[in-house]
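# Topology and contacts: notes
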Amino acid sequence: MSTTEKVGESVATYVDQRVGSNRFLGRSLKKVFPDHWSFMLGEIALYSFIIVLLTGVFLTLFYKPSMVEVVYDGSYVPLKGVMMSEAYASTLDISFDVRGGLLIRQMHHWAALLFIAAMSVHMFRVFFTGAFRKPREFNWVIGISLITLGLGAGFSGYSLPDDLLSGTGLQIARGIVQAIPIVGTWGAFLLFDGEFPGTEFISRLYGVHILLIPGLILALVTVHLMMVWTQKHTQFPGPGRTNDNVVGYPLMPIYMAKAGGFFFVVFGVTALIGGLVSINPIWIFGPYTPDQVGAGSQPDWYIGWLDGALRIFPNIETVLFGYTISWNIFIPSVIVPGIVFTVAALYPFLEAWVTGDKRDHNLLNRPRNAPTRTGIGVMAITFYFLLFIGGGNDIIAITFDLSINAIIWFLRIAVIVLPPIAFLVTRRICIGLQRRDREKMLHGYESGRILRLPHGEFIEVHEPLSLKERAVLESAIESYRAPLPAPEKVDANGVANKHYRRDMIRYKLSRWFYADDIVPPTRQEIEAGQAHVSHDAALEAPLHEYDEDETVMVPFHGGVLHTAGEPATNREQLEERGGNL
């Protein structure tokens, strides 16, 4: 044994005798993780957050969170001699005078965008596959909280340079706070320490951006990973995969090697984008002055839907007891996001109550096997994209030479009409896919080949399902749930049901959620159907053996047989016959 090995053994023994690390590590390093590309979304979010932290530490060494006015005397000649805040001047210095500063700024911004994007896509993957169900409801709530904190981190960091674009965003934020009834004016004064923009807000925002929000995100990420580690990992349906096992690779050495390599891939891609694709060129916007607004100001994409809600909401105000309530600001910027995030956080509990499903779920749903839930998700995405389009209505109007008023009125109508239509269409598509899957399970694949039996009957030959696809399709049996039974007003003893109205609401919602789902066949029916398919394939087998040396079979579903040397297409056959059939 080498000296290094002896030292390592001694250190490991010393630590294990005091904290019992060997048993923990031995168990943890053997933990199995399933292998599917969609699980990498969470890793991208984690790795991009690490990049945000690393680049953020670098930026804090040079950034000055001060609104004291100075005369700029840096390397960017067009702004020399211009009065600006120290915050803006230090950001310019980072961009032009600190070695590698602009690259780190760009990487920090792109990593922040990637962080929120990865979390959002990861959230929809969890939603559409039902990974939020018991026992992972709390992890879902943590995920929604992380997205909310991510929005706060993005907006606060976006506002720190104190350029004209970020100042415009702060002006909008001040208007939103002021629109809150009763306490809005006092809230704005407290936030900005007096009249906007004040002299203290940037330093306050800086503390929130580098300490409060990152600390909360780091704490929630830690809790999230601990829960993922403690609970059994979810997995997609497949051969050998059940609700009680996990099929995949152990943490060491395979998964750890893949995860470590993937971190460097994410880091490299972020560095490449940061070096080649410019974002937030603050030197073009100039310093913020309260009486100016940059033309075509657009927020980052994750705030765009809130900006769009503000732009398209009708101008409705109410005067009560001498106070003006601006519903056109309060509803789209406070009420709507409040409802969206609250409903999103509570959805696992709402679905469990409506469906009466209290089972543990470690095997994921196929989205088609939960048509109502999938429809709700597509409806939410449609709602978001319509509001996102509204956030750029001025740019769209200029680019395509359209009336901005026509765009606003279209979006006002579309945001009410299109999401329900998207829900209905998605739901019907899922039900249609369920019906097709049922036919596959009972009758196999339609090969497109017609076989005439010796007694004259014509049948279409079906092909049996592969083991992998059969396992995937049969997951519908596990996913299916019938609607809850209708409640009784009185029980068998004639005692009135005190919760009849609540139970009736739950029953109707359960029928809405499940009533149209296609009932999957039983495993006995599937076995019988596949046996029949195999029988049909056996009838056709002698044809494949006939003239085997000269016959070529195209090996795919719906394939055809043709003899070598004969025309392969109808066009070639017609040309050979001189155009005559």
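Structural data are supplied above this passage.
Below, the structure is looked at part by part.

Scoring rules and cut-offs
- Residues numbered from 1 in each chain as written.
- Predicted model: local features only at pLDDT ≥ 70, side-chain atom pairs only at ≥ 80, totals over all residues.
- Heavy atoms only, no water.
- 1 Å grid on protein atoms, 1.4 Å probe; cavity = no way out; pocket = protein on both sides within 12 Å on 5 of 7 lines; lining within 4 Å.
- Points joined across faces, edges and corners; volume = space filled by probe spheres on them.
- Helix = DSSP H or I, 4+ residues; strand = E, 2+ residues; numbered from the N terminus.
- Nonpolar A, V, L, I, M, F, W, Y, C, P; charged D, E, K, R; others polar.
- Salt bridge = Lys/Arg side-chain N within 4 Å of Asp/Glu carboxyl O.
- Buried < 20%, exposed > 50% of the residue type's maximum accessible area, 1.4 Å probe, protein only.
- Pairing = 2+ DSSP bridges.
- Phe/Tyr/Trp six-rings, centres within 6.5 Å; stacked < 30°, edge-to-face > 60°.
- Axes fitted to C-alpha atoms, helices over the stretch in contact; angles between N-to-C directions.
- Parallel < 35°, antiparallel > 145°, perpendicular 65-115°, else oblique.
- Contact = heavy atoms within 4.5 Å.

Think of a ball as big as a water molecule: rolled over the atoms, this probe shows where empty space is left. Approximately 1200 Å³ is the volume attributed to the largest pocket. Considering the residues around the largest pocket, the lining is formed by 36 residues, among which Met 123, Phe 124, Val 340, Ala 344 and Ala 380 are closest to the centre. Listing elements by their share of the lining of the largest pocket, those giving two or more residues are helix 5 (101–129), helix 6 (137–159), helix 12 (301–312), helix 13 (327–355), helix 14 (371–390) and helix 19 (500–514). It is helix 13 that provides the largest number of residues to the lining of the largest pocket, a total of 10 residues. By residue class, the composition of the lining of the largest pocket is 33 nonpolar, 2 polar and 1 charged.

Applying the stated criterion to the full structure yields 18 salt bridges. In this structure, Arg 204 and Asp 193 form a salt bridge, with 3.8 Å as the shortest nitrogen-oxygen distance. Of this pair, Arg 204 sits in helix 9 (residues 201–230) while Asp 193 is found in the loop between helix 8 (184–192) and helix 9, placing the two residues 11 residues apart along the sequence. With its nearest N and O atoms 2.9 Å apart, the salt bridge here joins Arg 373 to Glu 351. One end of the pair, Arg 373, is in helix 14; the other, Glu 351, is in helix 13, and 22 residues separate them in sequence. Assigned by exposure class, Arg 373 and Glu 351 land together as buried. Linked through salt bridges whose partners overlap, the residues forming this network are Asp 357, Arg 359, Glu 478 and Arg 481.

Applying the stated rule across the entire model yields 4 cavities of 30 Å³ or more. Looking at the largest cavity, its volume works out to about 110 Å³. In this structure, the largest cavity is lined by Asn 369, Gln 434, Asp 437, Arg 438, Met 441, Ala 476, Ser 479, Tyr 480, Asp 517, Ile 518, Val 519 and Pro 520. For the lining of the largest cavity, the elements supplying multiple residues, two or more each, are helix 16 (404–443) and helix 18 (475–479). Sort the elements by how many residues they give to the lining of the largest cavity and helix 16 lands first, with 4 residues.

The side chains of a regular strand alternate between both faces of the sheet. Note: strand 7 (residues 445–452) against strand 8 (residues 458–463), 6 bridges, orientation antiparallel. From the neighbouring strand, Arg 449 faces strand 8, where its bridge partner is Val 461. What sits between strand 7 and strand 8 in their antiparallel hairpin is a turn of 5 residues, with Gly 456 showing a positive phi close to 105°.

Applying the stated criterion across every chain yields a total of 29 aromatic pairs. When the ring of Tyr 384 is compared with that of Phe 385, the centres are 5.2 Å apart and the planes differ by 75°; the resulting orientation is edge-to-face. On the basis of relative accessible area, Phe 385 is assigned to the partly exposed category, the value being 46%. Here the aromatic cluster, defined as three or more aromatic residues joined through ring pairs, consists of Phe 124, Phe 127, Phe 128, Phe 132, Trp 140 and Tyr 347.

This next bit is on the packing of helix 12 against helix 14. With their axes 6 Å apart at the nearest point, helix 12 and helix 14 run at an angle of 75° to one another. Comparing their axes, helix 14 and helix 12 come out roughly perpendicular. Between helix 12 and helix 14, the residues in contact are Trp 301, Gly 304, Trp 305, Gly 308, Ala 309, Arg 311 and Ile 312 and Tyr 384, Leu 387, Phe 388 and Gly 390, respectively. Here the residues of the contact of helix 12 with helix 14 are counted per class, giving 7 nonpolar, 3 polar and 1 charged.

Okay, the side chain of Thr 374 next. Mapped onto the fold, Thr 374 is located in helix 14. If sequence neighbours within four positions are ignored, Thr 374 has contacts with Phe 128, Pro 367, Arg 368, Thr 426 and Cys 430.

What follows deals with unusual backbone geometry. In the segment running from Lys 134 into Pro 135, the intervening peptide bond is cis, with an omega of 15°. On the secondary structure map, Pro 135 appears in the loop between helix 5 and helix 6. The backbone phi angle of Asp 162 is positive, close to 60°, even though this residue is not glycine. Relative to the helices and strands, Asp 162 resides in the loop between helix 6 and helix 7 (164–178).

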